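# Overview (structure and organization)
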Number of protein chains: 2
Amino acid sequence: MFKVNDNYLKLPGSYLFSTIGRKVREYKAANPEKEVISLGIGDVTQPLAPAIIEALHGAVDEMADAATFKGYAPDLGYEFLRNAIAKNDYADRGCEIAADEIFVSDGAKCDSGNIQEIFSIENKIAVCDPVYPVYVDTNAMAGRTGTYHTATGMWSDVIYMPCTAENHFTPELPKETPDIIYLCFPNNPTGATITKDQLQVWVDYANKVGAVIIYDAAYEAYISEENVPHSIYECVGARTCAIELKSFSKNAGFTGTRLGYTVVPKDLKSGDVMLHSLWARRHGTKYNGAPYIIQKAGEAVYSEAGKEQLKAQVGYYMNNAKTIKEGLQSMGYTVSGGVNAPYIWLKTPEKMTSWEFFDLLLEKANVVGTPGSGFGPSGEGYFRLTAFGTYENTVAALERIRNL
Amino acid sequence: MFKVNDNYLKLPGSYLFSTIGRKVREYKAANPEKEVISLGIGDVTQPLAPAIIEALHGAVDEMADAATFKGYAPDLGYEFLRNAIAKNDYADRGCEIAADEIFVSDGAKCDSGNIQEIFSIENKIAVCDPVYPVYVDTNAMAGRTGTYHTATGMWSDVIYMPCTAENHFTPELPKETPDIIYLCFPNNPTGATITKDQLQVWVDYANKVGAVIIYDAAYEAYISEENVPHSIYECVGARTCAIELKSFSKNAGFTGTRLGYTVVPKDLKSGDVMLHSLWARRHGTKYNGAPYIIQKAGEAVYSEAGKEQLKAQVGYYMNNAKTIKEGLQSMGYTVSGGVNAPYIWLKTPEKMTSWEFFDLLLEKANVVGTPGSGFGPSGEGYFRLTAFGTYENTVAALERIRNL
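A brief report on the enclosed structure follows. Computed from a predicted structure; not experimentally measured. Each chain has its residues counted from 1, following the order in which its sequence is written. Chain A is the first chain written and ligand 1 is the first ligand written, with later ones labelled in order. Reporting of local features is limited, given that this is a predicted model, to residues whose pLDDT is at least 70; pairs of side-chain atoms are given and counted only at 80 or more, and all residues count toward the totals for whole chains, interfaces and linings. As a rule here, side-chain values come from all non-hydrogen atoms in the structure, and water together with hydrogens is ignored.

### Comments concerning the relation of the copies chain A and chain B
The superposition of copies rests on a least-squares fit of C-alpha positions from residues with pLDDT of 70 or more in both. Superposing chain A onto chain B takes a rotation of 180° plus a shift of 0.0 Å along the axis, which leaves an RMSD of 0.0 Å. This pairing of chains is accounted for by a two-fold axis. Using C-alpha coordinates, one finds that chain A approaches the rotation axis most closely at H57 of chain A, a distance of 3.1 Å. Same-surface contact between copies: 100% of interface residues of chain A are shared with the interface of chain B. Whether two residues are in contact is decided by their heavy atoms, any of which lying within 4.5 Å being enough.

Take a look at the structure:
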């Protein structure tokens with residue numbers, strides 16, 4: 001008689017964004033006349049840039065001709081894309097990452113969920129609190145997080161690193177020594193970031209205690225300030241302790257196009273076992289590559305035209321971020337983020353819980369945001385708005401919030 | 001100090017097709033003047049059908065316009081695609097599968113590797129021997145297969161069901177009761193198939209002992225004979241015991257385009273836990289959907305024009321299969337498969353091992369095939385050729401084998 005993986009049964013509720021999606025669908029069904037504006041899930045709204053569209057059409061044409069048709073992709077991804085990544089995202093920033101240390105995938109969500117597989121089930125993870133829920137949820141599904149306490153919203157075997165107003169939403173080194181440390185900067189959900197010097201402290205700590213840092217740099221393109229690292233490999237010693245996850249979703253609008261990559265340096269070892277070999281084995285056995293035409297679209301992100309068009313696209317969203325931040329501040333909200341990240345993190349008014357404020361916003365302003373408590377217990381009392389709407393909707397949403 | 005998942009370290013060698021790829025690359029590097037023909041990895045060579053190309057271009061144009069741009073896809077996949085699947089692959093064949101029991105993915109390889117995650121680590125798997133290596137490898141990586149014995153090429157905790165010439169490459173019910181049974185028909189690698197009556201025996205058995213059947217129907221489009229089921233849901237009772245995996249790789253040439261789906265009926269339960277809920281949770285948490293433009297391409301597979309064009313494409317490959325089978329038979333080889341499947345399974349001559357024959361073919365005929373032993377111990381002494389080459393290369397490869 002088969003049995004299920006009962007770690008799944010320990011998970012509280014459904015995946016955060018699935019829950020929000022359901023609530024919004026139900027509200028719309030009950031109120032078909034209402035026009036709901038979503039600044040909730042971090043989904044982009046601007047069309048793909050012309051250089052990317054051109055690359056996609058070109059690649060589709062290649063698939064129509066036997067002479068240029070492409071079947072299975074190379075295990076790690078096409079070299080043309082890995083070379084473009086190695087040059088633009090690493091070499092040009094002074095980081096030493098080779099093309100064969102880059103694994104192309106269908107997005108950072110999958111990679112951030114799958115990467116834990118190559119580690120022992122006995123390893124203890126440390127996460128920022130609040131944090132993108134995929135890190136904890138996927139470790140819970142693997143059985144690495146112990147038991148869930150509903151009262152505290154915490155797992156018994158996870159080291160939580162609170163990111164609160166007191167520490168400017170930047171975690172302190174944990175008291176208990178972790179084996180795997182998830183860091184995401186610019187941060188989802190708080191929009192906070194970390195300086196290069198601060199990140200160096202984490203790299204030195206990881207090397208000292210023998211921990212691995214899983215560094216999620218999905219929002220790197222939104223960094224506007226100096227001395228904020230675009231990659232953890234800007235720090236000395238990161239090649240022996242860090243894996244980096246990158247996404248094309250937010251810098252190039254690929255949320256529905258699906259492309260990302262993971263860097264596993266060959267210097268990152270446990271004894272004489274290279275994590276690179278394990279991830280290569282997983283990639284080869286459980287994955288079959290991103291579509292050729294999507295990898296060609298990824299290459300276009302690094303073309304001169306692509307870079308210019310995407311700089312404008314990021315600028316568009318960051319103008320939204322500024323609009324939200326300043327608008328909320330003018331209404332008296334306590335707000336952070338939005339400078340190096342497309343997320344605005346606000347304190348709910350009048351000590352409302354995050355979900356109370358979610359319901360208020362949905363029902364009274366017809367605006368969807370994301371409850372901070374969905375990202376972890378220290379997110380309670382906070383709320384995330386994203387800059388990924390259209391400018392018109394962003395302005396309209398703010399006006400509705402002002403009239404609450 | 002972090003530790004790795006040491007189940008990975010128990011795996012013998014690299015993923016089969018990665019090994020073959022490396023051997024071929026090395027041979028080509030050492031013999032740049034040789035023109036190697038691959039009938040090895042099951043990769044297609046014919047371009048995407050015109051109806052699919054048209055759908056891709058159309059979807060790319062949608063992504064260029066804010067009014068039709070698509071971000072994150074629905075968790076299970078777009079309804080237009082799931083409805084097309086439910087109608088064409090199920091309702092039209094008299095199978096009762098609803099659109100919301102279909103989970104769209106980026107291919108059957110990923111799904112066949114990931115599906116084991118929703119089951120207990122204590123469950124015992126049964127596999128055909130020989131078999132597509134992903135089933136066993138991914139269970140080994142999860143720690144479900146015990147220890148590997150190099151001498152026998154077998155894992156201690158796997159139930160092997162030999163498929164040999166004696167049983168016409170169709171497995172018998174296992175003596176030891178399994179929890180999870182992997183079946184793949186038409187079969188990779190043997191090209192053998194199973195009748196509807198024979199499959200009904202497995203469904204009845206699974207319902208009786210409380211096992212789940214993971215039914216890989218990736219090669220269903222190649223069925224040419226009557227009374228061979230296209231789906232396990234043609235059998236009575238399959239909704240309470242079977243998960244089905246389907247691919248667009250072989251019926252529509254999507255090996256480099258990446259699309260597949262998994263069916264988990266809501267009647268499939270462990271106690272009161274629906275496997276559908278667990279797979280939905282995995283899909284929502286660890287996956288972010290196939291690209292919109294690829295899902296539109298998938299929809300075109302079910303259009304009238306698409307169906308007609310793909311019937312011709314499958315016919316093209318099946319003519320190759322016939323050519324290979326009859327050619328080898330005329331040379332005195334013992335051959336099976338190739339009638340309801342794009343794979344030809346041949347006995348190596350003069351009691352050569354599978355890898356000896358691989359090397360001979362590569363070095364003397366410059367033809368790449370797949371060693372039968374790579375699919376399991378009962379594959380030793382066998383060899384797989386695929387019908388997915390061009391007709392010209394298929395004929396040329398046979399001529400070279402004839403001249404060995």
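This is not the end of the story, as more comes after the structure.
### Some details on the environment of S249 of chain B
Residues and elements named next belong to chain B. Relative to the helices and strands, S249 is located in the loop between strand 9 (242–247) and strand 10 (260–263). Overall, S249 belongs to the buried group, its relative accessible area being 4%. Spatially, the C-alpha atom of S249 lies 16 Å from that of G40, the residues being 209 residues apart in sequence. Excluding its chain neighbours within four sequence positions, the residues that come into contact with S249 are V44, F254, T255, R258 and L259. Helix numbering and strand numbering both begin at the N terminus, where a helix is a DSSP run of H or I of at least 4 residues and a strand a DSSP run of E of at least 2. Accessible area is worked out with a 1.4 Å probe on protein chains only. A residue is then buried under 20% of its type maximum, exposed over 50%, and partly exposed in between.

### Examining the interface of chain A and chain B
Counting residues at the interface gives 80 residues for chain A, matched by 80 residues for chain B. Defined in terms of a 1.4 Å probe, buried area is the accessible area two parts forfeit on being brought together, summed over both. Between chain A and chain B the total buried area reaches about 6500 Å² when both faces are included, carbon and sulfur atoms providing 60% of it. The largest per-residue losses of area from chain A upon contact with chain B belong to F2, Y72 and R281 of chain A, which jointly make up 13% of the total buried on that side. Throughout this description, the term salt bridge denotes a Lys or Arg side-chain nitrogen within 4 Å of a carboxyl oxygen of Asp or Glu. Linking chain A to chain B there are two salt bridges. Put simply, R281 of chain A and D137 of chain B hold a salt bridge, and the shortest N to O gap is 2.9 Å. Polar contact is defined as a pair of N or O atoms within 3.5 Å, subject to the rule that within protein one atom must be able to donate a hydrogen and the other to accept it, and that residues adjacent in sequence are counted only when both atoms are side-chain atoms. Counting across the chain A and chain B interface gives 31 residue pairs in polar contact (both at pLDDT 80 or more). When contributions to the side of chain A that touches chain B are tallied by element, the ones reaching two or more residues are helix 1 (7–10), helix 3 (50–63), helix 5 (108–114), helix 6 (134–142), strand 11 (269–270), helix 8 (275–286) and helix 9 (292–301) of chain A.

### Details of unusual backbone geometry
Backbone geometry follows two general trends: most residues other than glycine have a negative phi, and most peptide bonds adopt the trans configuration. With an omega dihedral of 5°, the bond running from D129 of chain B to P130 of chain B counts as a cis peptide bond. Here P130 of chain B is to be found in the loop between strand 3 (125–129) and helix 6 (134–142). A cis amide bond, omega 20°, links N188 of chain B with the succeeding residue P189 of chain B. Counting through the fold element by element, P189 of chain B comes out in the loop between strand 7 (180–184) and helix 7 (196–209). In this model, R258 of chain A sits at a positive phi of 70°, which is unusual for a non-glycine residue. Among the secondary structure elements, R258 of chain A is positioned in the loop between strand 9 (242–247) and strand 10 (260–263). Owing to a relative accessible area of 3%, R258 of chain A belongs among the buried residues under this scheme.

### A few points about the pairing of strand 6 (residues 158–162) of chain B
Residue and element names in this part refer to chain B. Most of strand 6 is tucked away: four of the five residues are buried. One ladder, built from five bridges, connects strand 3 with strand 6; its direction is parallel. When the bridges of strand 6 are listed, C128 appears paired with M161. Here, a strand pair is defined by DSSP locating no fewer than two bridges between the strands.

### A look at the pattern of salt bridges
Proximity of charged atoms lets side chains of opposite charge pair with each other. Residue and element names in this part refer to chain A. Across all of its chains, the model carries 36 salt bridges over all chains by this definition. Residues D89 and K246 are paired through a salt bridge, measuring 3.7 Å at the closest nitrogen-oxygen approach. Placement of the pair is D89 in helix 4 (residues 79–90) and K246 in strand 9, with a sequence separation of 157 residues.

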